[in-house]
Structures are given as C-alpha cells and as structure tokens.
Amino acid sequence: MANDEGIVSDKEMVGPIRRSQLALLFQPQLTADGKTIACVEALIRQEHPTRGRLSAGELLRHYDTVALREELDWWVMEEACRQALRWPDLSVSINVTATQFRNPDFARHVLALIARVGIRHDRVELEILESAFIKDFDMATANINQLREGGVRIALDDFGTGYSSLSYLLRIPIDKLKIDKSFVDKSDSLQSAAIIQALVAMARALGMKVTAEGVETSAQHQFLRTIGCHYLQGYLFSPPTSADAITRMLDEQMRVRHAMPAPAPVPVRIQATA
Ligand code: G
Ligand code: MN
C-alpha cells in the first residue's frame with residue numbers, strides 16, 4: 001500500500017506487481033548523417049500507478065537493497081536483449097553498474113543470458129562509467145576482457161566527467177566512448193569545441209568508436225559530424241521511446257530509403273550487326 005506521498009514501500013514492490021510496472025524505453029543512436037539508427041540504448045522507467053512515469057533516478061531509490069538492485073539489473077539486461085530480437089540490424093546498449101562489474105561471475109552470467117535469449121553477442125553493448133574501475137580495477141578489467149572475448153562490446157558512458165579519464169583510456173580495453181552531454185551542450189564555446197575535437201581525435205587514434213550524447217540542435221549535429229563523431233544520440237533525433245515506436249521509426253527509415261529515386265540506368269547500346 002502507498003504512504004501519504006504515494007510512495008510504495010519496497011516490500012510491496014517485489015514480485016509480479018512491481019515487474020508489471022517496469023518499462024524499458026529505447027533511445028536511438030544514429031549514424032553521423034542522422035539518417036540511420038545503428039543502436040538503441042535501453043533506459044528503465046517505472047509506470048507508477050499514482051505518480052505516473054518515474055525516471056530511473058526516482059525508481060532506483062526504491063531498489064535500495066543489494067538483492068533488489070541485482071534482480072532489477074538482470075531484468076533490464078534480459079528484457080533489453082529480448083526486445084532487441086525485434087530489430088536484427090541494430091545493436092542494443094545496456095547500462096551496467098560498478099557493483100555488477102565487481103561480481104567475479106558477471107561476464108559469465110551475461111554471456112549465458114545472451115546465449116539463452118538467442119541474440120548475437122556482437123549486437124550487445126554494455127555501457128559502464130569510469131567509476132566502475134575505481135574500487136576494483138583488476139576485477140572490472142577481467143570482466144571486460146571476458147565479455148569482449150565473447151564478442152560483447154563495451155562503451156565508456158558519460159566520458160569526460162570522471163577522474164583520470166585519459167589514463168583509463170590507455171589501460172582499459174574499450175570499443176566506444178560516449179562523450180558526455182555537458183560537453184555537447186557547450187559545443188558553441190571555443191573551449192568545449194576544442195575538448196570534444198581532441199577527444200574524438202584521440203578515440204579514433206585508439207581505434208574506438210565515438211558517440212556524442214545529448215545532441216539537441218542541428219548546429220551541434222553539424223559540428224559533431226564534421227569533426228568525425230561516428231554516432232549521435234539526443235532529443236534532436238528522438239527522446240527515449242517505446243519499443244513499438246522504435247519499430248515504427250525503422251519502418252519509416254526503410255520507406256524513405258526506398259522512396260529515393262533510383263540512379264538513372266546506364267543506356268545500353270545495341271550494335272547493329274552487319
Ligand atoms: O548517462 P546516460 O547516457 O545513460 O543518460 C541517458 C539519459 O540522458 C536518459 O535519461 C535520457 O533521457 C537523457 N537524455 C538523452 N538525450 C538527451 C538530450 O538530448 N537532452 C537531455 N536533456 N537529456 C537527454
Ligand atoms: Mn548510458
């Protein structure tokens with residue numbers, strides 16, 4: 001039962017009632033031209049009976065025991081992989097926590113889940129924060145190595161906001177950098193533009209892909225495209241949205257592509273025979 005503020009206690013949130021309130025939304029990451037969805041990031045929300053849609057931050061306050069958090073984390077991972085079976089051409093990106101990375105069996109469990117769901121390993125990308133490495137660097141790295149050997153890709157989320165960013169980059173095997181929204185927001189300032197440009201150049205030199213987060217204006221889009229970001233994510237293209245809406249966006253993408261005029265056929269000359 002809810003208290004005066006409409007907040008449901010943890011006890012009532014376990015089991016099927018709580019699960020039925022959980023929703024996964026997906027936010028597209030597009031190729032730099034803004035025309036093709038390459039990946040979707042799974043983001044959790046709760047459809048609360050009295051308080052409407054709760055953000056991840058509000059929702060996680062209710063999942064404050066280790067067991068509840070763990071159950072939720074695995075629910076997100078499995079649900080995201082299952083939903084992604086609907087979009088065979090896309091990767092799915094899933095946020096994972098520092099706590100998950102400290103579990104020595106984490107990589108093994110993820111690989112088993114992927115095999116059970118039946119999604120291709122190389123379509124799954126895990127987003128981690130630099131803070132995942134602070135408490136136990138060796139364990140986090142061991143998990144990452146095992147995941148990457150299994151074909152799963154790793155992205156460093158909110159890049160640029162943590163500590164020791166540059167030294168981490170050289171020490172952690174990472175496939176993708178996600179440049180934090182706070183830099184993109186200020187990309188009209190010379191300093192921020194210079195930092196973003198340097199980050200992109202460095203990531204590319206290290207063989208990584210780069211996604212810019214929180215792209216909201218076409219000026220930001222043009223800048224990020226020009227300097228060589230591979231992928232873009234943000235409200236300019238789409239907010240986090242339902243799985244059905246992603247399917248509709250893919251249908252529309254296909255329709256636009258096929259509606260484009262086909263290149264003019266090369267005229268065939270028939271030689272008159274003597
Ligand atoms: O830290 P992470 O990259 O996982 O954060 C994703 C969050 O950022 C989501 O909650 C999403 O709603 C939010 N977000 C994504 N794109 C934008 C954007 O263009 N503008 C703003 N204000 N928030 C965004
Ligand atoms: Mn993320």
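Everything numeric in this text was worked out from a predicted model, so none of it was measured. (Residues numbered from 1 in each chain as written. Chains lettered and ligands numbered in written order. Predicted model: local features only at pLDDT ≥ 70, side-chain atom pairs only at ≥ 80, totals over all residues. Heavy atoms only, no water.)

Caption draft 1: Seen up close, the packing of helix α6 (residues 106-117) against helix α7 (residues 137-149). At a closest axis distance of 8 Å, the pairing of α6 and α7 adopts a crossing angle of 25°. Taken together, the axis directions place α6 and α7 in an arrangement best described as roughly parallel. For the pair α6 and α7, the crossing hand works out as right-handed. The residues of α7 that touch α6, namely those facing F106, A107, R108, V110 and L111, are N143, Q146 and L147. (Axes fitted to C-alpha atoms, helices over the stretch in contact; angles between N-to-C directions. Helix = DSSP H or I, 4+ residues; strand = E, 2+ residues; numbered from the N terminus. Parallel < 35°, antiparallel > 145°, perpendicular 65-115°, else oblique. Left-handed = near helix turned anticlockwise from the far one by under 90°. Contact = heavy atoms within 4.5 Å.)

Caption draft 2: A look at the pattern of salt bridges. Within this structure, the stated rule accounts for 15 salt bridges. One salt bridge connects E47 with R53, and the closest N-O pair in it is separated by 2.9 Å. On the accessibility criterion, E47 (33% relative accessible area) is partly exposed. Where D122 meets R120, a salt bridge forms, and the shortest distance between an N and an O atom there is 2.8 Å. For D122, a relative accessible area of 38% puts it in the partly exposed group. By sharing partners, the salt bridges in this structure join E41, E127, K178 and E213 into a single network. (Salt bridge = Lys/Arg side-chain N within 4 Å of Asp/Glu carboxyl O. Buried < 20%, exposed > 50% of the residue type's maximum accessible area, 1.4 Å probe, protein only.)

Caption draft 3: Spatial organisation of the packing of aromatic side chains. This structure, assessed with the given rule, holds three aromatic pairs. Taking the centre distance of 5.1 Å and the plane angle of 80° together, the rings of F26 and W87 count as edge-to-face. Residue F26 is found in strand β1 (residues 22-31), and its partner W87 is found in the loop between α4 (66-84) and β4 (91-95); the two are separated by 61 residues along the sequence. Ring plane angle 40° and centroid distance 5.8 Å describe the contact between W74 and F106, whose orientation is recorded as tilted. Taken together, the residues W74 in helix α4 and F106 in helix α6 connect sequence positions 32 residues apart. (Phe/Tyr/Trp six-rings, centres within 6.5 Å; stacked < 30°, edge-to-face > 60°.)

Caption draft 4: Representation of the pairing of β4 in the model. Most of β4 sits out of view: four of its five residues are buried. Judged from the four bridges that link them, strand β2 (residues 37-48) and β4 form a sheet pairing that is parallel. For V40, the partnering residue across the bridge sits in β4 and is V92. By the bridge criterion, four bridges tie β4 to strand β5 (residues 124-128) in an arrangement that is parallel. Each bridged residue has a counterpart across the sheet, and for N95 the counterpart in β5 is E127. (Pairing = 2+ DSSP bridges.)

Caption draft 5: Main features of the packing of α4 against α6. Running from N to C, α4 and α6 cross one another at 35°; their axes reach a closest spacing of 10 Å. The interaxial crossing formed by α4 with α6 has right-handed handedness. On α6, the residues that touch W74, M77, E78, C81 and R82 of α4 are F106, H109, V110, L113, R116 and V117.

Caption draft 6: Up close: the site of ligand 1. Not every one of the 15 residues close to ligand 1 is listed here, only the nearest: E41, D158, E213, E216 and Y235. Contacts to ligand 1 include Q27, whose side-chain N or O atom sits 3.0 Å from a nitrogen atom. When ligand 1 is considered free in solution it has 520 Å² of accessible area, and contact with the protein chains removes 73% of it. Only β2 and β6 (153-159) provide two or more residues apiece to the shell around ligand 1. Class assignment of the residues belonging to the shell around ligand 1 gives a composition of four nonpolar, four polar and seven charged. (Near = heavy atom within 4 Å. Polar contact = N/O pair within 3.5 Å; in protein donor to acceptor, adjacent residues only side chain to side chain. Areas by Shrake-Rupley, 256 points an atom, 1.4 Å probe, with all protein chains shown as cover. Nonpolar A, V, L, I, M, F, W, Y, C, P; charged D, E, K, R; others polar.)

Caption draft 7: Fine view of the coordination of the manganese ion (ligand 2). At 2.1 to 2.4 Å from the manganese ion (ligand 2) lie its protein donor atoms, namely E41 (OE), N95 (OD1), E127 (OE) and D157 (OD). Within one chain, the residues serving as donors to the manganese ion (ligand 2) are arranged as E-x53-N-x31-E-x29-D. With a gap of 30 residues between them, E127 in strand β5 and D157 in strand β6 connect regions that are remote in the sequence. (Donors = N, O, S within 2.8 Å, 3.2 Å for Na, K, Ca; no water.)

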